[in-house]
Amino acid sequence: MLSSRRQRILCALIEEYVANACPVGSRTIAENHKLGVSPATIRNELSALEDEGYITQPHTSAGRIPTDAGYREFVDEILTDEGVAAHMPQTSAIEELRRSADALDDLIERTNSELARLTECLSVIMSPVSAASRIRQVSLISLTDLSALVVLVTDDGQVANENVIFASALSATDLSALEGQLNHALVGRAADEVSTLAASADPAFRTEHAQVVLHALSCAAATLTRARSTRSGMSTLLRKPEFHDSESLLPVMEILEDDTVLFKALGPDGEDADGIRIRIGHENASEQLFGVSVVAGAYGRGPYQGMIAVIGPTRMDYSKTIGAVQAARRMLNGE
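Calculation rules
Note on numbering: residues in each chain are counted from 1, in written sequence order. Whole-chain, interface and lining totals are the exception, using all residues; otherwise, since this is a predicted model, local features are given only for residues with pLDDT of at least 70 and side-chain atom pairs are given and counted only at 80 or more. Side-chain measures were taken over the full set of non-hydrogen atoms in the model, leaving aside hydrogen atoms and water. A run of H or I in DSSP counts as a helix once it spans at least four residues, and a run of E counts as a strand once it spans at least two, with each numbered from the N terminus. Only protein chains enter the calculation, and the probe is 1.4 Å; a residue is then buried if its accessible area is under 20% of its type maximum, exposed if over 50%, and partly exposed in between. Contacts between residues were defined by any pair of non-hydrogen atoms, one from each residue, lying within 4.5 Å. Methods summary: accessible areas were calculated by the Shrake-Rupley approach with a probe of 1.4 Å, and residue burial reflects only the protein chains presented. Here, a strand pair is defined by DSSP locating no fewer than two bridges between the strands. Only C-alpha atoms enter the line fits that serve as axes; for helices the fit covers just the stretch in contact. Angles between N-to-C directions range over 0 to 180 degrees. We call two N or O atoms a polar contact when they sit within 3.5 Å, provided that within protein one can donate a hydrogen and the other can accept it, with sequence-adjacent residues counted only if both atoms are side-chain atoms. A pairing counts as a salt bridge when a side-chain nitrogen of Lys or Arg comes within 4 Å of a carboxyl oxygen of Asp or Glu. For a helix, the expected span equals 1.5 Å multiplied by the residue count minus one. It is the directions from the helix axis to the C-beta atoms whose arc is reported. The cut-offs work like this: below 35 degrees is roughly parallel, past 145 is roughly antiparallel, 65 to 115 is roughly perpendicular, and the gaps in between are oblique. Each residue is assigned to one of three groups, with Ala, Val, Leu, Ile, Met, Phe, Trp, Tyr, Cys and Pro labelled nonpolar, Asp, Glu, Lys and Arg labelled charged, and all others, Gly among them, labelled polar. Here, nonpolar core refers to any group of buried Ala, Val, Leu, Ile, Met, Phe, Trp, Tyr and Cys residues whose side-chain atoms link them within 4.5 Å. Any pair of Phe, Tyr and Trp rings, taking the six-membered ring for Trp, is counted once the centres come within 6.5 Å. Such a pair is stacked with planes under 30 degrees apart, edge-to-face with planes over 60 apart, and tilted for the rest.

Asker: With reference to specific residues and values, describe the overall build of the protein.
Answerer: Counting its secondary structure elements, the protein contains 14 helices and ten strands. Buried residues in the protein amount to 47% of all 335 residues. Pairs at least 24 residues apart make up 60% of the contacts formed inside the protein by residues separated by at least 6 positions. Carbon together with sulfur atoms contributes 50% to the accessible area of the protein, which is approximately 15800 Å² in total.

Below is the structure:
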């Protein structure tokens, strides 16, 4: 464990590097931080921190930058609860955002945008995955005689929709009647039970039009029972000095293409304090994330859980990011 003095010097170096993205020298630390020690002492302590693997010197005669181990020491031993709490949004702001959302999907979108704004990193929110979601409403919206929009709403606020094309015309009146039959048969049932209705012997659901709609409902229900992500802040991330060369962010962009792979890469493998997981650089399970840090946490309860993650450079402001993820969890948990 580092001495108190070395922790203070490491903390000062990390703060300078997070703010400026430039290697930090002993003179900068001595001038900007009142540590109560001489510049010579700071130089000696920096050399010791480098020998111990907490910082490194990217070029001869350059200043130092933190290593993954240095950031881990900062997160585990230096960062305080008070430091995190100071960066959390006000409760009133959380309540206002929650009131302005009219459904879970809308709340996730709004929370995602706010999380990206607060952290200046990439925010990813995985929707809750639960086969136990119950159907609250089925809506069939006529677009033309040969097409309609099929909307499935669950009791936990999830919404999925599919467009359908009919081989023969269906009047708005007949479409409305089919909607009533579907609601009578499906409301209160699990979303993944839609497919069983398609095989039903009930003649009302054996018609060509009903089969087309039921197929669309099955597809809509399937989207609610697999991991789905929304993300915000990629353009902001690309403006970070670490990612000026877009190829350096390519591995992250590749992993974002498949929600199933993304969920596995960001998913639980143990939690840190307060239910937040912090993985720095090579601590990430996926090699594609070795160049970034991930701060993540689950939301929801029981079998109905989703995940919040912020992806950014290892130089991210950890206190701000942890506070923002904690606030986002409160938002989506309704706390």
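Here the narrative resumes, following the displayed structure.
Asker: Describe the sheet that holds strand β5 (residues 147-154), and please don't skip the residues or the numbers.
Answerer: Strand order across the open sheet formed by three strands is β4-β5-β6, with antiparallel pairing between neighbours. The open sheet has two edge strands with one neighbour each: β4 (135-144) and β6 (159-165). Across the sheet, the axes of successive neighbouring strands diverge by a mean angle of 15°, strand direction being ignored. Two elements, β4 and β5, share eight bridges in a ladder whose sense is antiparallel. Each bridged residue has a counterpart across the sheet, and for I135 the counterpart in β5 is T154.

Asker: If you had to explain unusual backbone geometry to someone new, which residues and values would you point to?
Answerer: One non-glycine residue, A21, lies in positive phi territory at about 60°. Looking at the element boundaries, A21 is found in the loop between α1 (4-20) and α2 (26-32). The backbone of E120 shows a phi angle near 55°, a positive value even though the residue is not glycine. When you line up the elements, E120 lands in the loop between α7 (104-119) and β3 (122-129).

Asker: Let's hear about the side chain of S147: which residues, and what values?
Answerer: One can find S147 in strand β5. Side-chain polar atoms of S147 contact the side chain of T144, separated by 2.9 Å. Leaving out residues up to four positions away in the same chain, S147 has contacts with S142, V164, I165 and F166.

Asker: Explain the pattern of salt bridges residue by residue, including any values.
Answerer: Scanning all chains against the criterion turns up eleven salt bridges. The residue R5 makes a salt bridge to E45 at a minimum N-O spacing of 2.8 Å. Taken together, the residues span a long stretch of sequence, with R5 in helix α1 and E45 in helix α3 (residues 39-51) at a distance of 40 residues. The closest approach of N and O atoms between R72 and D76, which form a salt bridge, is 3.0 Å. Here R72 pairs with D76, and both are found in helix α4 (residues 68-78), just four residues apart, close to one helical turn. For D76, a relative accessible area of 44% gives the class partly exposed. Each of the salt bridges in this network shares a partner with another, and the network as a whole consists of R5, R6, E45 and E52.

Asker: Can you tell me about helix α8 (residues 172-186), naming the residues and giving the values?
Answerer: In this model α8 runs 21 Å from its N-terminal to its C-terminal C-alpha over 15 residues, within 8% of the 21 Å that 1.5 Å per residue would give. All buried positions along α8 are accounted for by L175, L178, L182, N183, A185 and L186. Projected down its long axis, α8 shows its buried positions confined to an angular sector of 165°, all on one face. The exposed set on the far side of α8, more than 90 degrees from its buried face, consists of T173 and H184. The elements touched by buried residues of α8 are β4, β5, α9 (194-198) and α10 (208-224).

Asker: Outline the packing of α1 against α3, listing residues and values.
Answerer: Viewed as axis vectors pointing N to C, α1 and α3 meet at an angle of 90°, and their least axial separation amounts to 10 Å. Our classification of the angle between α1 and α3 gives roughly perpendicular. Judged by residue contacts, R5, R6, I9, L10 and L13 of α1 engage T41, I42, E45, L46, A48 and L49 from α3. A breakdown of the residues in the contact of α1 with α3 according to their chemical character gives seven nonpolar, one polar and three charged.

Asker: I'd like a rundown of the nonpolar core, residues and numbers included.
Answerer: Ranked by internal contacts, the top residues of the largest apolar core, which has 44 residues, are I29, L46, L49, F74, I278, I308 and Y318. Residue assignment for this core shows that the elements contributing at least two residues are α1, α3, α4, α7, β8 (276-280), β9 (293-301), β10 (304-312) and α14 (318-333). By residue number, the principal contributor to this core is α1, which donates eight residues. Not counting the four nearest positions on each side in its chain, I29 is found in contact with I9, A12, L13, V24, L35, I42 and L46. Counting residues in hydrophobic clusters, the runner-up holds 27 residues, among them L152, L175, A221 and L224.

Asker: Tell me about the packing of aromatic side chains, and please be specific about residues and values.
Answerer: In total, this model carries one aromatic pair according to the counting rule given. Ring geometry for Y71 against Y318: centres 5.5 Å apart, planes inclined by 50°, an arrangement best described as tilted. Here Y71 is found in helix α4, whereas its partner Y318 is found in helix α14, with 247 residues between them in sequence. Each member of the pair, Y71 as well as Y318, carries the same accessibility label: buried.

Function cannot be inferred from these measures alone, as they are strictly geometric.
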